[in-house]
Amino acid sequence: MSEAESLPVQLRRLDPPAMISLRAKPGTPGLAEAILAASGCALPAARSLTRSGEALCGWMSADEYLLVLPAAAGAAALQALQQGLQGQHYLAVDVSDARVCFALEGAGAGDVLRRLTPADLSALGPDELRRSRLSQVAAAFWQTGGGSYRLVAFRSVGDYVEALLSGAVTSARASGAL
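Residues numbered from 1 in each chain as written. Predicted model: local features only at pLDDT ≥ 70, side-chain atom pairs only at ≥ 80, totals over all residues. Heavy atoms only, no water.

### Things to note about helix α5 (residues 158–175)
Convention followed: Labels follow the DSSP assignment, with helices taken as runs of H or I lasting at least four residues and strands as runs of E lasting at least two, numbered in each case from the N terminus. A helix's residues, less one, multiplied by 1.5 Å, set its expected span. Only protein chains enter the calculation, and the probe is 1.4 Å; a residue is then buried if its accessible area is under 20% of its type maximum, exposed if over 50%, and partly exposed in between. An arc is given here, and it is the one of the directions from the helix axis to the C-beta atoms.
With 18 residues, α5 ought to run about 26 Å at 1.5 Å a step, and its terminal C-alpha atoms sit 26 Å apart, in line with that. For α5, every residue scored as buried is listed here: G158, V161, L164, L165, A168, V169 and A172. Down the axis, α5 shows its buried residues gathered within 135° of arc, on one side only. In α5, those exposed residues whose orientation departs by more than 90 degrees from the buried face are D159, T170 and A174.

### Some words on the pattern of salt bridges
Just so we agree on the cut-off: Basic side-chain nitrogens of Lys or Arg form a salt bridge, by our definition, when they fall within 4 Å of a carboxyl oxygen of Asp or Glu.
Counted by the stated rule, this structure contains 11 salt bridges. Between R131 and E64 there is a salt bridge, with the nearest N and O atoms lying 3.0 Å from each other. Of this pair, R131 sits in strand β8 (residues 129–134) while E64 sits in strand β5 (residues 64–69), and the two are 67 residues apart along the sequence. R131 gets classed as partly exposed once you look at its relative accessible area, which sits at 47%. Among the ionic contacts, a cluster of salt bridges with common partners joins R23, D63, E64 and R131.

### Points about the sheet that holds strand β1 (residues 10–13)
To be explicit about the condition: The pairing criterion is simple: DSSP has to find at least two bridges between the two strands. Every axis corresponds to a line fitted to the C-alpha atoms, with the helix fit spanning only the stretch in contact, and the corresponding angles, defined between N-to-C directions, vary from 0 to 180 degrees.
The antiparallel open sheet is built from 5 strands, whose spatial order is β1-β7-β10-β9-β8. Every other strand in the sheet has two partners, leaving β1 and β8 as the edge strands with one partner each. Averaged over all pairs of adjacent strands, the angle between strand axes in this sheet comes to 30°, irrespective of strand direction. By the bridge criterion, 6 bridges tie strand β9 (residues 137–145) to strand β10 (residues 148–154) in an arrangement that is antiparallel. Residue A140 lies in a different strand from β10, and its bridge partner there is V152.

### Details of helix α2 (residues 31–39)
In an α-helix, one turn spans 3.6 residues; hence positions three or four apart end up facing the same way. What counts here: Contacts were defined at the residue level, with two residues in contact if any of their heavy atoms lie within 4.5 Å.
Buried residues of α2: L31, A34, I35, A38 and S39, and no others. Looking down the long axis of α2, one finds its buried residues gathered within 105° of arc, a one-sided arrangement. Of the exposed residues in α2, the ones pointing more than 90 degrees away from its buried face are E33 and A37. In this fold, the buried residues of α2 make contact with β2 (18–23), β3 (49–52), β4 (55–61), β5 and α3 (74–84). G40 occupies a position one or two residues after α2 and carries a positive phi of about 85°.

### Focus: the confidence of the model for the chain
Threshold: Values of pLDDT, ranging from 0 to 100, describe the predictor's confidence in every residue of the model.
Residues at a pLDDT of 70 or more form 95% of the chain, whose mean pLDDT is 92. The low-confidence segment residues 1–6, where pLDDT is below 50, has 3 contacts with residues more than four positions distant or belonging to other chains.

### As for the nonpolar core
To be explicit about the condition: Here, nonpolar core means buried Ala, Val, Leu, Ile, Met, Phe, Trp, Tyr and Cys residues that are tied together by side-chain atoms lying within 4.5 Å of each other.
Ranked by internal contacts, the top residues of the largest apolar core, which has 24 residues, are L104, L113, L134 and L151. When contributions to this core are tallied by element, the ones reaching two or more residues are β7 (99–105), α4 (109–114), β9, β10 and α5. In terms of residues, this core owes the most to one element, α5, which gives 6 residues. Residues L31, A38, Y65 and L78 belong to the second largest nonpolar core, which totals 21 residues.

### Here we look at the packing of α2 against α3
Applied cut-off: Note that the term roughly parallel is reserved for angles under 35 degrees, roughly antiparallel for angles over 145, roughly perpendicular for angles of 65 to 115, and oblique for everything else. Crossings are sorted by hand: turned counterclockwise from the far helix by less than a right angle, the near helix makes the crossing left-handed, and turned clockwise it makes it right-handed. Three residue categories are used. Nonpolar comprises Ala, Val, Leu, Ile, Met, Phe, Trp, Tyr, Cys and Pro, charged comprises Asp, Glu, Lys and Arg, and polar comprises the others, including Gly.
For the pair α2 and α3, interaxial distance at closest approach is 8 Å and the crossing angle is 160°. It follows from the interaxial angle that α2 and α3 lie roughly antiparallel. As for how α2 packs across α3, the hand of that crossing is right-handed. Across from A34, I35, A37 and A38 in α2, the residues of α3 making contact are A77, A80, L81 and G84. The residue makeup of the contact of α2 with α3, split by class, is 7 nonpolar, 1 polar and no charged.

Here it is, written out as structure tokens:
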């Protein structure tokens, strides 16, 4: 086992998944069916996410959802949304190139994340998504099990977010929190 693998927290920048931002009013005819056809996921309730295999659908706001899928599934998912919502007022956009994803893994991941976000992580359930901030930039995050988290931010601030997270890991280790 390498030294990095033995540490209580690991930060990894992930290969980009497919991400589709979907805007549609709740109750739009065919919305739940289109999300199911595109991702295999059910329509999430407020502040929550649903999963199906490697795919997830997260509630981002009252009329916005984020589908996160394996990279190769993006085009087919977008087409399924377009077919399922044809004739309805909606917007579905592939935002994969505009986002960056990180994995913060290990028993101390929550301690690291608490240093950067005002969100109450103790109130974040296993099937909930938070749209908040990390220091001064927008981000969304959710638990992946074992105290680990996935984080999504704008790609334009990806290097900054990575530096923030790395600095928070270093700070937590220096303070003895990890």
